[in-house]
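This is what each chain is made of:
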Amino acid sequence: MIKTVIFDMDGVIVDTEPVHRYAYYKQFSELNIEVPEEMYTSFTGFSTRNTFQALKGNFPSIEHEVEDLIQRKRNLFNDAFDTKEDLYLLEGVDDLIKDLYKSGIQLILASSASKVTIERVFTRFNLHQYFSHIVSGEDFPQSKPNPAIFIHAASLSTAPKDQCIIIEDSTNGVKAAKAAGIYCVGYNSDHSFMQDLTEADMVINNFNELNAEKISQIKA
């Protein structure tokens, strides 16, 4: 019986990807680099630090320190986030979160996003009350598909790992979940461009396909 649900954030709870994309591509322009779509897509699920480390490997012309690049991206993102009015929770996820919480299922967030970004999203949508723990990818040296973030999230569960599931929307996130040895629900979001969810144990196209009763009965 499933006792804990571990959520990714971007592409699962809220779609901040357009804001991230705007900030990244504005910064790419400032750095005078052209990042192909395929390369940008491969960074889905990466922390900002790991993204810039990869970019510096691909573009030797980037002379800035990673920490300076991170801060510039964060400033661009925050400015765009604060002025973006059409930012909503993804369809059906609010009802699912409330249903799980009401049913006594523990909720944990494990997101590659920075603590600052997570705090902005959780405050804007009043989500703190539902989640027992928040885990940010910035606390780990390697991003998904490395499983460290999910192994740590599962260690915070009140139940054993085999009573946890993860909801993910990215190739790297699904790979991380499976590498952690945890049952994974792949969310085939309209916002998750070019992501491969074939390794997920279950794939859904809409959150109305899930509820607390169905999740509790999953045999992980």
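Here's what I pulled together on the structure shown here. Please read these numbers as outputs of a predicted model, since none were measured by experiment.

### Structural notes on the packing of aromatic side chains
Then comes step 1: The full count for this structure, using the stated rule, is 12 aromatic pairs.
Then comes step 2: Centroid distance Y101 to Y130: 5.3 Å. Interplanar angle 80°. Geometry classified as edge-to-face. Placement of the pair is Y101 in helix α5 (residues 93-102) and Y130 in the loop between α6 (115-124) and β3 (133-136), with a sequence separation of 29 residues.
Then comes step 3: For Y101, a relative accessible area of 44% corresponds to the partly exposed category.
Then comes step 4: Grouped by ring-pair contacts, the aromatic residues Y24, Y25, F28, Y40 and F52 constitute a single cluster.
Then comes step 5: Cation over ring: K73 sits above Y24, and NZ or CZ is 4.5 Å from the ring centre.
Then comes step 6: Positioned above the aromatic ring of F81, the side-chain terminus of R124 is 5.3 Å from the ring centre.

### A look at the sheet that holds strand β6 (residues 202-204)
Then comes step 1: Read across the sheet, six strands follow the order β3-β2-β1-β4-β5-β6 without closing on themselves; strand pairing throughout is parallel. Of all strands in the sheet, those bounded by a partner on one side alone are β3 and β6. Going from strand to strand, the sheet's axes swing by 20° on average, the running direction of each strand aside.
Then comes step 2: Sitting on the sheet, helix α7 (residues 148-155) touches β1 (4-7), β2 (106-111), β3 and β4 (164-168), and the angle it makes with β2 is about 160°.
Then comes step 3: Those strands touched by helix α8 (residues 171-179) are β4 and β5 (183-187), and its axis lies near 170° from that of β5.

### Overview of the pattern of salt bridges
Then comes step 1: In total, this model carries 11 salt bridges according to the counting rule given.
Then comes step 2: Ionic pairing is found between R72 and E30, a salt bridge with its closest N-O pair at 2.5 Å. With R72 in helix α4 (residues 66-83) and E30 in helix α1 (residues 17-31), this pair connects stretches of sequence that are 42 residues apart.
Then comes step 3: On the basis of relative accessibility, which here comes to 33%, the residue R72 falls in the partly exposed class.

Here is what the cut-offs are and how they apply
Residues numbered from 1 in each chain as written. Predicted model: local features only at pLDDT ≥ 70, side-chain atom pairs only at ≥ 80, totals over all residues. Heavy atoms only, no water. Phe/Tyr/Trp six-rings, centres within 6.5 Å; stacked < 30°, edge-to-face > 60°. Helix = DSSP H or I, 4+ residues; strand = E, 2+ residues; numbered from the N terminus. Buried < 20%, exposed > 50% of the residue type's maximum accessible area, 1.4 Å probe, protein only. Lys NZ or Arg CZ within 6 Å of the ring centre and 35° of its normal. Pairing = 2+ DSSP bridges. Axes fitted to C-alpha atoms, helices over the stretch in contact; angles between N-to-C directions. Contact = heavy atoms within 4.5 Å. Salt bridge = Lys/Arg side-chain N within 4 Å of Asp/Glu carboxyl O.

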